[in-house]
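The lines below spell out each chain.
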Amino acid sequence: MRALVAAATGLALALALVFTITAMGSPTGETSPKPLLTTVPAHP
């Protein structure tokens, strides 16, 4: 029974954290104009 209560408490805390972060919204900012590297550079 204790394990069930602990699991429910952990789940409630995790959901509260997710909802709090979601409510804060995404950070403002700009993306980089430089393209990302999509290949592995050659080894010297």
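All figures in this text were calculated on a predicted structure; none of them were measured in a lab.

K.L.:
Looking at this structure, how should I read the overall build of the chain?
P.N.:
For the chain, the count of helices and strands is one helix and zero strands. Along the longest, intermediate and shortest principal axes, the C-alpha atoms of the chain span 60 × 30 × 10 Å. Counting the 44 residues in the chain, one finds 0% classified as buried. When the accessible surface of the chain is totalled, it reaches about 4,700 Å², and 72% of it is carbon and sulfur.

K.L.:
Help me out: how do you make sense of a nonpolar patch on the surface in this one?
P.N.:
A cluster of nonpolar residues, Leu11, Leu15, Val18 and Phe19, forms a patch on the protein surface that exposes about 410 Å² of accessible area. By the element assignment, Leu15 lies in helix α1 (residues 2-24). The exposure class of Leu15 is partly exposed, given its relative accessible area of 42%.

K.L.:
Can you walk me through α1 in this structure?
P.N.:
Each full turn of the α-helix corresponds to 3.6 residues, which orients residues three or four apart in the same direction. The terminal C-alpha atoms of α1, which comprises 23 residues, lie 33 Å apart, in line with the 33 Å expected from a rise of 1.5 Å per residue. At the exit of α1 stands Gly25, carrying a positive phi of roughly 85°.

Calculation criteria
Residues numbered from 1 in each chain as written. Predicted model: local features only at pLDDT ≥ 70, side-chain atom pairs only at ≥ 80, totals over all residues. Heavy atoms only, no water. Helix = DSSP H or I, 4+ residues; strand = E, 2+ residues; numbered from the N terminus. Buried < 20%, exposed > 50% of the residue type's maximum accessible area, 1.4 Å probe, protein only. Areas by Shrake-Rupley, 256 points an atom, 1.4 Å probe, with all protein chains shown as cover. Patch = residues over 30% accessible without salt bridge, like charges linked within 9 Å, V, L, I, M, F, W, Y side chains within 5 Å. Salt bridge = Lys/Arg side-chain N within 4 Å of Asp/Glu carboxyl O. Expected span 1.5 Å × (residues − 1).

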